[in-house]
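Inside the fold
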Amino acid sequence: MPLSFDTTYKELDPKLYSRVKPKDVDDPTVVLLNDRLCDDLGLAEEELPARVLSGQELLEEPIAQAYAGHQFGRYTVLGDGRAMLLGEHVHDSSRYDVQLKGAGRTPYSRRGDGSATVSSMLREYVYSYAMESLGVKTSRSLGVIETGEAVRRRRTEPGAILVRVMESHIRYGTFQYVASQVPEELEGFADYVIDRHYPHLSDTDRKYVDFFEEVMRSSIGMVVDWMRVGFIHGVMNTDNMSVTGETFDYGPCAFMNYYDEDAVFSSVDKRGRYAFGNQKSMLQWNLARFAESLRPLFEGAPHEFDELRATLDGFEETFDRKYYSMMREKLGIGADGGRETINTVLDWLRESGADYTNTFIELETPGSFADPVYSSEGFRRVREEVADVGLDRETMRKANPRYIPRNYLVERALNEFLEGNGLSELDRLLEVLENPYESNDTNSRFQRPPPEAFDAEYTTYCNT
Ligand code: AMP
Ligand code: MG
């Protein structure tokens, strides 16, 4: 089946978007196409030629969405500066945004060129592919298409377009935009979003409180999953927080190797605002901004807004409940409780700076890794304590990946491609990442953490 669009977003107030046209690309070439995603969308690969995937053959007029956001704490009015929604594709009664990233300038581009480099689009492809396989709710990448142009960043590189697929690209920041720029549309917009993403709430008598609660619940689920696999998003601005709890905007993200709650790799995050261990409090802060944008919906019913505020006040408890339940699974602890044991493990990780991913495999099957940190007295004691209450292997295997996209492996594969050596390294990596829980490998080259010096120097960038 080919793409078929039914774009409801265009029925909203025109102040919420701009009609746009992708830039001309004379000779687009498909670098990667995601066959798993094609299947999930009911699309036949041969019906997705490069000219369609690069926006050269259009089914309807694309749009760029307007939104706002708190970027590193400061409020700004923004919009898709290098993204264009091709349309909403409906398959098996699910609706998906199909969006191009890097297809040219839009009215919201500010000083940006609207383009993207092939390495950053391949990088987003790999991370989103891995996150999907890891069972973390995420945007997905349908394909990467080279445009033939040269894009100037820190180094000049071939340009590319990524085709990104999400349930929708509606974010906390879209509500902030509507509340501040088009306040008369707030109620209609909220109803649209509820109807589209949380339809079971449409008829409840306190639907906006319930909506907030659901968004909080999905976002907590998402961030707890990030903590489970050691993911650092890197730029948790409110414009990058989806209302459906989908991880998206894979810019300066990274996976943690050596356990460090202060780990941050982004070049612009000098103060560690979005460090691994801050993601919980940053989510809470973002939800408070989201709550503010919903406030006008409660003008006639202030007591309901109090209920919303009470939900937000319960954030810490709700998050911790979910977090400790996830950590119990990582340690194979069946019953409730176990918080002390979990904290012992975290203390040890903090002190030893051991590899986060491999530690849980080593707890499950001692002797998996030759790393001397696992022969230490400290680790032996920790394992004994966990063994008293947990180490149920079946539970552990579902929660602890064997493989994550380790940053240095991704960079190496991207460099191979940029140096003209093709996709074989990247393909091998994607193959391993397709089934991250299933392998019995230990000490495979895809499981090895990088030399510590690599992580100390590793820097990721926005807008690449
Ligand atoms: P991000 O940091 O990716 O969330 O982007 C923040 C804002 O900058 C969004 O409005 C983006 O669309 C915009 N932006 C990022 N890179 C570019 C670019 N190369 N050209 C135009 N706009 C961009
Ligand atoms: Mg963004």
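All values reported here derive from a predicted model rather than from experimental measurement.

1. Describing the domain arrangement of the protein
What the domain assignment reports for the protein is domain 1 (8-166), domain 2 (172-324) and domain 3 (407-446). Of note, the centres of domain 1 and domain 3, computed from C-alpha atoms alone, are 24 Å apart. Taken together, the contact pairs 18 residues of domain 1 with 16 residues of domain 3. A per-residue breakdown of the area domain 1 buries against domain 3 is headed by Val126, Tyr129 and Leu134, which together make up 31% of the total.

2. Things to note about the site of ligand 1
Around ligand 1 there are 17 residues in total, and Gly79, Gly81, Gly114, Asp249 and Asn463 lie nearest to it. Contact distances for ligand 1 include 3.5 Å between an oxygen atom and a side-chain N or O atom of Arg110. Between ligand 1 and Asp113, the relevant distance is 3.1 Å, taken from a nitrogen atom to a side-chain nitrogen or oxygen of the residue. In the complex, 89% of the free accessible area of ligand 1, which totals 490 Å², lies under the protein chains. In terms of domain composition, the shell around ligand 1 takes at least three residues from each of domain 1 (8-166) and domain 2 (172-324).

3. Points about the nonpolar core
Formed by 147 residues in total, the largest nonpolar core has its most connected members in Leu142, Phe175, Phe189, Phe211, Leu283 and Phe290. In terms of residue count, the dominant contributor to this core is helix H6 (residues 207-229) (13 residues). In contact with Phe175, other than residues within four places in its own chain, are Ile170, Leu186, Phe189, Ala190, Val193, Phe211, Val243, Phe290, Ser293 and Leu294.

4. As for the packing of helix H9 (residues 315-330) against helix H10 (residues 339-352)
At a minimum axis separation of 10 Å, H9 and H10 run at an interaxial angle of 75°. Put simply, H9 runs roughly perpendicular to H10. On the side of H9, the interface is formed by Asp320, Arg321, Tyr323, Tyr324, Met327 and Arg328, while H10 contributes Arg339, Ile342, Asn343 and Leu346. Classifying every residue of the contact of H9 with H10 gives five nonpolar, one polar and four charged.

5. Points about the packing of aromatic side chains
The final tally for this structure, using the stated rule, is 32 aromatic pairs. With a centroid separation of 6.4 Å and 15° between ring planes, the pair formed by Phe319 and Tyr323 is classed as stacked. Residue Phe319 and its partner Tyr323 are both found in helix H9; the two are separated by four residues, about one turn of the helix. Classification of Phe319 as buried rests on a relative accessible area of 2%.

Reading the values: the criteria
Residues numbered from 1 in each chain as written. Chains lettered and ligands numbered in written order. Predicted model: local features only at pLDDT ≥ 70, side-chain atom pairs only at ≥ 80, totals over all residues. Heavy atoms only, no water. Domains from an automatic or database assignment. Contact = heavy atoms within 4.5 Å. Buried area = accessible area lost by both parts, 1.4 Å probe. Near = heavy atom within 4 Å. Polar contact = N/O pair within 3.5 Å; in protein donor to acceptor, adjacent residues only side chain to side chain. Areas by Shrake-Rupley, 256 points an atom, 1.4 Å probe, with all protein chains shown as cover. Core = buried A, V, L, I, M, F, W, Y, C linked by side-chain atoms within 4.5 Å. Buried < 20%, exposed > 50% of the residue type's maximum accessible area, 1.4 Å probe, protein only. Helix = DSSP H or I, 4+ residues; strand = E, 2+ residues; numbered from the N terminus. Axes fitted to C-alpha atoms, helices over the stretch in contact; angles between N-to-C directions. Parallel < 35°, antiparallel > 145°, perpendicular 65-115°, else oblique. Nonpolar A, V, L, I, M, F, W, Y, C, P; charged D, E, K, R; others polar. Phe/Tyr/Trp six-rings, centres within 6.5 Å; stacked < 30°, edge-to-face > 60°.

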